[in-house]
Amino acid sequence: MRAIGKRRWTIAGGRIPLESNGPEPEFTSRDEIAVLNCCDSPARLRIHIHYADRPAVGPYEVEVAARRVRRIRFNDLIFPEALPLDEDFGAVIDADIPVVVQFTRLDSGTASRIAVAAAAYAERNLQGSGR
Amino acid sequence: MPNTPWSATSQNLGQDFHNWSGGLRFRPSRLDVPEDEETVAALVRAAARQGRSIRPVGSAHSSSEIYVTDDILVSMAGICGLREHDAQHHRATVGAGSQLTELSKELQAAGMTLSNFGDVATQTVGGAIGTGTHGSGRDFPNLSMMLVGGRLVTAGGEIRTFDVEEEPDFVRALRVSFGTLGILTWTTLKLEPLHDLHRQEWCLAFEPCMEVLDKLSRENRNFDFYWYPRSDEVKIRCLNPPGEEKDYGAFARLAKDETGPPHEVIPQHSDLPHRFEEMEYSMPAEAGPECLGKLRARIKERWRRSVGWRLLFRYIKADDSWLSEAYGRDSVSISLHQNATLPYWDFFLDLEPIMRDHGGRPHWAKKHSLRAAELRPLYPMWDRFLALRQEMDPGGRFLTRYLRGLLGC
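A quick note: this is a predicted structure, and the numbers were derived from the prediction, not measured. (Residues numbered from 1 in each chain as written. Chains lettered and ligands numbered in written order. Predicted model: local features only at pLDDT ≥ 70, side-chain atom pairs only at ≥ 80, totals over all residues. Heavy atoms only, no water.)

Engineer: Just to check I follow, could you spell out the overall build of chain B for this structure?
Structural biologist: In terms of helices and strands, chain B carries 12 helices and 20 strands. Computed over C-alpha atoms, the radius of gyration of chain B comes to 21 Å, within 12% of the 22 Å expected from 2.2 N^0.38 for 409 residues, which places it in the range of a compact globule. In terms of principal-axis extent, the alpha carbons of chain B reach across some 65 × 50 × 40 Å. A buried classification covers 61% of the 409 residues belonging to chain B. Looking at chain B alone, contacts between residues at least 24 apart form 71% of all its contacts between residues at least 6 apart. About 15,500 Å² of surface is accessible on chain B, with carbon and sulfur atoms providing 47% of the total. Computed over 49 positive and 56 negative side-chain charges, the separation of the two mean positions in chain B equals 5 Å. (Helix = DSSP H or I, 4+ residues; strand = E, 2+ residues; numbered from the N terminus. Rg over C-alpha atoms; globule rule 2.2 N^0.38 Å. Buried < 20%, exposed > 50% of the residue type's maximum accessible area, 1.4 Å probe, protein only. Contact = heavy atoms within 4.5 Å. Areas by Shrake-Rupley, 256 points an atom, 1.4 Å probe, with all protein chains shown as cover. Lys, Arg positive; Asp, Glu negative; His and termini not counted. Charge placed at Lys NZ, Arg CZ, Asp CG, Glu CD.)

Structure representation (structure tokens):
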């Protein structure tokens, strides 16, 4: 299948909500990416997390199987270091093949549950394929 | 922290000695790596003449200070391997410095295996025995119970043989004694014929798991589970002889399925590149679920912001090793974890009282805050152990400042 997407994606407005309401894990407040890999080979992702007041942490290494979509909660990433909740962060996601990344947040801790979704920012590929 | 394979003997004294996690750093006055038992004995005799202390170290996976010293440190890495075995009775004599992963390959070639393992198999035989390292399973005691005989170097620098049939009380004291009665050199282990195990991991929500926990723990050869504080899910890990596995598809999602010899399918994290710190307590098995419930509530209330690591819940069969976590009682162990790069003490110290309130005994090789005054009431054989220790090592050859505070001697 033809490659769709880009190799580098970024998220600037990460902040995992601290409070959750409702049954878990369905209603756990979270920041999450959905990664679509339309290629015929697995996509290997390396994620670096940037903070406001300390050095970046990473890479967090994640694989998305060929022709699959995978949801990855930032809440659950612990290698090399768990992300703090309720703290601003940005993420730089590098993939070895083109993928599509969508960012979503569920905040179930508020009176009315809030969900937002947005495409992550994709950088024009400076290296290799992925148009 | 380098991600290269860790080895106690790869360190030189131009740098501090550090443990696996990097959380312990100290500088011994010298590090010896004897290749044979007589050299160990000579080192102890020399230490006795000079009034110095001497501590053995295995793979340094432990994160408690049981081997921290500013005097002589002896790596047992040179005394390793399978020396002899009896395939008919499933016994083998192996070096105390044998790393479990490497030893298991030798035992596999001889048609035998250890009955159980912890989550990692990077420990040495001597370290695993001496600290009461354990795996999980209601029918499986900690690894020290495989010790049925062997040889050790005494505080006087003599080589002493022992056998559980001839000196049962001595072996009960020796098993979990973290090198305070002598330095184990060769150990005779009770093993099992080589066999395969089928490992299956299933994911489900916390409460449905707790409703069937007792059944799960009784119908699987090895059973334990992780609880994940940031999703409130659990992952149960079940190992059984092929053909005897259970199907939990009606209420759980299969996450892993593999079959192999015990040393390949029980330890899952021997090669983990990222370091962590750990606190573990064992308590009577019947108190485990309530204790976990209280830990879960406290973590959700106070610690979710900074702690993403899972808790590990395991079963240990009762034993009769005097200082074993599971002495005299079928037990459950609960382990807390935190990335080694993040603060962990406040988290551990906040939850430690909950585990103590449920009759918890700390793992000797992991983080805890207890000293002799708090430990003595937890171990019915404490005073007998101390009396034997005094008899075997009146000069405190194998003691350090930390151990004197730990044992109260």
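Engineer: Is there a simple way to explain the interface of chain A and chain B in this structure?
Structural biologist: It is common to give the size of an interface as the accessible area that goes away when the parts come together. With 16 residues of chain A at the interface, the matching set in chain B holds 15 residues. For the pair chain A and chain B, the two sides together bury roughly 1,500 Å², of which 55% comes from carbon and sulfur. Three residues stand out in chain A for area buried against chain B, namely Glu24, Ile78 and Phe79 of chain A, and they jointly supply 35% of the buried area on that side. Inspection of the region where chain A meets chain B yields 3 salt bridges. Across the pair Glu24 of chain A and Arg304 of chain B runs a salt bridge, and its minimum N-O distance is 2.4 Å. (Buried area = accessible area lost by both parts, 1.4 Å probe. Salt bridge = Lys/Arg side-chain N within 4 Å of Asp/Glu carboxyl O.)

Engineer: I keep staring at the confidence of the model for chain B and nothing clicks. Help me out?
Structural biologist: Reading fine detail from the predicted coordinates is not recommended where pLDDT is low. Residue and element names in this part refer to chain B. Summary statistics for chain B give a mean pLDDT of 95 and a share of 96% for residues scoring 70 or more. Predicted confidence is poor over residues 1-6, with pLDDT under 50, and the contacts of this stretch with residues over four places away or in other chains come to 15 contacts. Interface predicted TM-score (ipTM) for the complex: 0.88; the corresponding pTM is 0.94. (pLDDT = per-residue confidence, 0-100.)

Engineer: Where do I start with unusual backbone geometry in this structure?
Structural biologist: For residues besides glycine, phi is generally negative; the peptide bonds are generally trans as well. In this structure, the amide linkage connecting Glu24 of chain A to the following residue, Pro25 of chain A, adopts the cis form with an omega of 5 degrees. Within the secondary structure layout, Pro25 of chain A lies in the loop between β1 (6-14) and β2 (30-37). Cis geometry marks the peptide bond from Phe79 of chain A to Pro80 of chain A, where omega comes out at 5 degrees. Relative to the helices and strands, Pro80 of chain A resides in the loop between β5 (68-73) and β6 (89-107). Although it is not a glycine, Ala60 of chain B adopts a positive phi angle of roughly 60 degrees. Position of Ala60 of chain B relative to the elements: it lies in the loop between β4 (54-57) and β5 (72-75).

Engineer: Would you mind showing me how to read the packing of aromatic side chains here?
Structural biologist: Think of a pair of aromatic rings as described by two things: how far the centres are apart, and how the planes are tilted against each other in angle. Residues and elements named next belong to chain B. Inspection of the entire model under this criterion finds 23 aromatic pairs over all chains. With a centroid separation of 5.6 Å and an interplanar angle of 75 degrees, the aromatic rings of Phe313 and Tyr315 are classed as edge-to-face. By relative accessible area, Phe313 is classed as buried at 1%. Given a relative accessible area of 3%, Tyr315 falls into the buried group. Among the aromatic residues, ring-to-ring pairing joins Trp303, Tyr344, Trp345, Phe347 and Phe348 into one connected group. Lying across the ring of Phe170, Arg160 places its NZ or CZ 3.9 Å from the centre. Over the face of the ring belonging to Tyr379 we find Arg361, whose NZ or CZ atom lies 5.0 Å from the ring centre. (Phe/Tyr/Trp six-rings, centres within 6.5 Å; stacked < 30°, edge-to-face > 60°. Lys NZ or Arg CZ within 6 Å of the ring centre and 35° of its normal.)

Engineer: Looking at this model, I keep getting lost on the UniProt feature "domain: FAD-binding PCMH-type" (unreviewed entry) in chain B. Mind explaining?
Structural biologist: In this numbering, the UniProt entry assigns the feature "domain: FAD-binding PCMH-type" (unreviewed entry) to residues 24-194 of chain B. Taken end to end, residues 24-194 of chain B is 23% helix and 27% strand, and its first and last C-alpha atoms sit 37 Å apart. (UniProt positions renumbered as here; feature names shortened; annotations may be inferred.)

Engineer: Help me understand the confidence of the model for chain A, please; the structure alone is not making it clear to me.
Structural biologist: When pLDDT is averaged along chain A, the result is 91, and 93% of the positions lie at 70 or above. In this model residues 127-131 of chain A is a low-confidence stretch, pLDDT under 50, and it forms 11 contacts with partners more than four residues away in sequence or in other chains.

Engineer: Would you mind showing me how to read the sheet that holds strand β17 (residues 276-284) of chain B here?
Structural biologist: Sheet strands line up and pair through hydrogen bonds in the backbone, either parallel or antiparallel. All names here are of chain B. Across the sheet, 8 strands lie side by side as β16-β13-β15-β14-β18-β19-β17-β20; this open sheet has antiparallel pairing. Strands at the two margins of the open sheet, each flanked by one partner only, are β16 (253-260) and β20 (361-362). Two elements, strand β13 (residues 197-205) and β16, share 7 bridges in a ladder whose sense is antiparallel. Opposite Glu201, over in β16, you have Lys256 as the bridge partner. In the packing of helix α8 (residues 288-303) onto the sheet, contacts are made with β14 (222-228), β17, β18 (311-316) and β19 (331-339), and the angle to β18 comes to roughly 170 degrees. Strands β17 and β19 of the sheet are contacted by helix α9 (residues 345-357), whose axis makes an angle of about 5 degrees with β17. (Pairing = 2+ DSSP bridges. Axes fitted to C-alpha atoms, helices over the stretch in contact; angles between N-to-C directions.)

Engineer: Looking at this structure, how should I read the pattern of salt bridges?
Structural biologist: Where charged atoms from two side chains of opposite charge approach closely, those side chains can pair. Applying the stated criterion across every chain yields a total of 47 salt bridges over all chains. Between Glu167 of chain B and Arg160 of chain B there is a salt bridge, with the nearest N and O atoms lying 2.5 Å from each other. Among the residues examined, Glu167 of chain B registers a relative accessible area of 24% and is labelled partly exposed. A single network of salt bridges, built from pairs that share partners, joins Glu24 of chain A together with Glu207, Asp232, Arg296, Lys300 and Arg304 of chain B.

Engineer: Help me understand the state of the cysteines, please; the structure alone is not making it clear to me.
Structural biologist: The term disulfide refers to a covalent linkage connecting the sulfur atoms of a pair of cysteines. Residue and element names in this part refer to chain A. On inspection of all chains with the given rule, the structure shows 0 disulfides over all chains. No disulfide involves Cys39; its nearest neighbouring cysteine sulfur is the one of Cys38, lying 7.0 Å away. Judged by its relative accessible area of 8%, Cys39 is buried. (Disulfide = S-S within 2.5 Å.)

Engineer: Explanation requested: the packing of α8 of chain B against α9 of chain B in the structure shown.
Structural biologist: Each pair of packed helices can be summarised by the angle the axes make with each other and by the distance between the axes. Residue and element names in this part refer to chain B. Two elements in contact, α8 and α9, have axes whose closest approach is 10 Å; the angle formed by their N-to-C orientations is 150 degrees. Accordingly, the angle class assigned to the pair α8 and α9 is roughly antiparallel. As for the relative orientation of α8 and α9, their crossing is right-handed in sense. In this structure, α8 contributes Cys291, Lys294, Leu295, Arg298, Ile299, Arg302 and Trp303 to the contact, and α9 contributes Asp346, Phe347, Asp350, Leu351, Ile354 and Met355. Class assignment of the residues belonging to the contact of α8 with α9 gives a composition of 8 nonpolar, no polar and 5 charged. (Parallel < 35°, antiparallel > 145°, perpendicular 65-115°, else oblique. Left-handed = near helix turned anticlockwise from the far one by under 90°. Nonpolar A, V, L, I, M, F, W, Y, C, P; charged D, E, K, R; others polar.)

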